[in-house]
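Breakdown of the fold
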Amino acid sequence: MAYSASLNTVYNHYLTTYSSMRPSQYDTHKKSELRGIYNSIVKQNKDAPLFLLNNTRETQEFAVGIKENARQLRNTIASLGGLDESEILNKNVAYSTNDDVVTASFVGGYEDSEIPEFDISVNKLACGQVNSGSFLPANERTALASASYSFDINVSDLNYEFQFNINNGDTNADVQNRLARLFNNADIGLTAEVINDSHGNSALSLSSKATGIAPDKENLFSITDDKTTKTAGAVSYFGLNTITQHASNAEFLLNGEERSALSNHFTVNKMYELNLNDISKEDEEPIHIGLKTDTESLNENINILIDGYNSFVTSSSAYMEEHPKSNRLLSEMKGIANLYREQMSSLGLQVQDNGQIILEDSRKLNEAVTGENTNHLFAVKDFTNAILRKTNQVSLNPMEYVDKKIVAYKNPGHNFANPYITSAYSGMMFNSYC
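The model shown is predicted, which means the values in this text are computed figures rather than measured ones. (Residues numbered from 1 in each chain as written. Predicted model: local features only at pLDDT ≥ 70, side-chain atom pairs only at ≥ 80, totals over all residues. Heavy atoms only, no water.)

1. Digging into the sheet that holds strand E17 (residues 287–291)
Pairing in this open sheet of five strands is antiparallel, and the strands run E2-E17-E4-E13-E14 from one edge to the other. Each edge of the open sheet is held by one strand with a lone partner, namely strand E2 (94–96) and strand E14 (257–261). Across this sheet, the average inter-strand angle for adjacent strands is 30°, counted without regard to direction. Here E2 pairs with E17 via three bridges, running antiparallel. (Pairing = 2+ DSSP bridges. Helix = DSSP H or I, 4+ residues; strand = E, 2+ residues; numbered from the N terminus. Axes fitted to C-alpha atoms, helices over the stretch in contact; angles between N-to-C directions.)

2. Considerations on the sheet that holds strand E8 (residues 158–166)
Within the open sheet, the three strands sit side by side as E8-E7-E11. Their pairing is antiparallel. For this open sheet the edge positions go to E8 and strand E11 (221–224), each flanked by a neighbour on one side alone. In this sheet, adjacent strand axes meet at a mean angle of 25° when their direction is disregarded. Across nine bridges, strand E7 (residues 147–155) lies against E8 in antiparallel orientation. The residue of E8 that forms the bridge with Asn 154 is Asn 159.

3. Re the nonpolar core
Leu 89, Ile 302, Tyr 309, Met 344, Ile 357, Phe 383 and Ile 387 are the most contacted members of the largest nonpolar core, which totals 41 residues. It is helix H10 (residues 375–396) that provides the largest number of residues to this core, a total of eight residues. (Core = buried A, V, L, I, M, F, W, Y, C linked by side-chain atoms within 4.5 Å. Buried < 20%, exposed > 50% of the residue type's maximum accessible area, 1.4 Å probe, protein only.)

4. Some words on the packing of helix H6 (residues 294–317) against helix H7 (residues 326–339)
Following both chains from N to C, one finds H6 and H7 inclined at 155°, their axes separated by 9 Å at the closest point. Classified by the angle their axes make, H6 and H7 are roughly antiparallel. Remark: the crossing between H6 and H7 carries left-handed chirality. In this structure, H6 uses Tyr 309, Phe 312, Val 313, Ser 316 and Ser 317 to contact H7, whose residues at the interface are Ser 326, Leu 329, Leu 330, Met 333, Lys 334 and Ala 337. (Parallel < 35°, antiparallel > 145°, perpendicular 65-115°, else oblique. Left-handed = near helix turned anticlockwise from the far one by under 90°. Contact = heavy atoms within 4.5 Å.)

5. A short note on helix H9 (residues 362–370)
Looking only at H9, the buried set comprises Leu 365, Ala 368 and Val 369. All buried residues of H9 lie within an arc of 95° about the axis, which places them on one face of the element. Where H9 begins, one side-chain oxygen reaches toward the backbone nitrogen of Arg 363, 3.0 Å away; that side chain belongs to Asp 361. (Arc of directions from axis to C-beta. Polar contact = N/O pair within 3.5 Å; in protein donor to acceptor, adjacent residues only side chain to side chain.)

6. Here we look at the pattern of salt bridges
Per the counting criterion, the structure on display carries ten salt bridges. Arg 71 serves as the salt-bridge partner of Glu 68, at 3.0 Å between the closest nitrogen and oxygen. Taken together, the positions of Glu 68 and Arg 71, both in helix H3 (residues 57–78) and three residues apart, correspond to about one turn of that helix. Using a relative accessible area of 18% as the deciding quantity, one classes Arg 71 as buried. Among the ionic pairs, Asp 187 bridges to Lys 209, the shortest N-O distance being 3.0 Å. One end of the pair, Asp 187, is in the loop between helix H4 (172–186) and strand E9 (190–196); the other, Lys 209, is in the loop between strand E10 (201–208) and E11, and 22 residues separate them in sequence. Shared partners join several salt bridges into a network, and the residues in it are Arg 328, Glu 332, Lys 390 and Glu 400. (Salt bridge = Lys/Arg side-chain N within 4 Å of Asp/Glu carboxyl O.)

What follows is the structure, encoded as structure tokens:
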């Protein structure tokens, strides 16, 4: 498959500008949820007036940005026990007796009745493939003739053809840096860097982002120019096909049994998500993975909630200079927080003038979580539900907070649904490229 630099530039710009938030399991929806969203959009479009947008690039990024920020906050709340009012903040929290070697998080459901605990020892970390090129005099003119070169790369059973030019006067370092940018911008699962030695030589190093190797595979990627469409010779000259580190799997003992994984990140029993960070010491006891107590879990969930809320407020504040109307969104968030200011103060949580919430007294929070009087904790759950409803509203109609001029209102009693609002928002992500 031929590689197109111009198309890749557009694709990467879209990803980095509009889709930088990682998708999560909470971005999936049931049919009933999608139907509810659709009905809400229809009702909203039916009653919405006709307006003209200040359709600048900054406005487009603002609308997409606040929707993505709202989605991230919603997912943070969902990760703390779910979106049902009875489950919010009830998520179990996993612990590891040695986070330097293994970190753990609980990904099972709140309804799981039997949640096993286990011991783990790490014998080997998974690693990726590394190809280290030949060291060549960095500042000397390349020995390759001026021409258009190409080579083929196979990554994860996908084939790519890379093309580049070598011009008169190009040094070895010039071409190596050009190839490094070509690899990194392509985003095909490889990272490239130019390394230098103490003798004035430079080489191109390629590393796979993936780790581990399946039994039926010999390597994670391969580079060749045997059957390429342009001039050959660059692969052997720069040593791009020289493997200096083969990919290998993670090896560990789980309750004394030998196990392996392609990655240092995996799940156990669909309940625990583990990250292997280091190798266990020989004289070290196995690391125990289990669940924190309900009170410890609730305490941690409240802290994660506050961090997610503050992140949303900070992100929204960044738009105030160019989009004064974003102050409305901040005022609404502050208003929700102020409704619960007194109850949260008794938990050691202080609502700031800028709308953020800080943990001023952790002792009060610990006492409330472990004590018998949980009335104020219910207020935190009510606050969480109110924030959740606001994020759903922002996600449904981010155009509510964009500067616009009302042109005409719908005729009461004789209006009809139209796709105006959703079309205006969706088009922002594509109209620059069509």
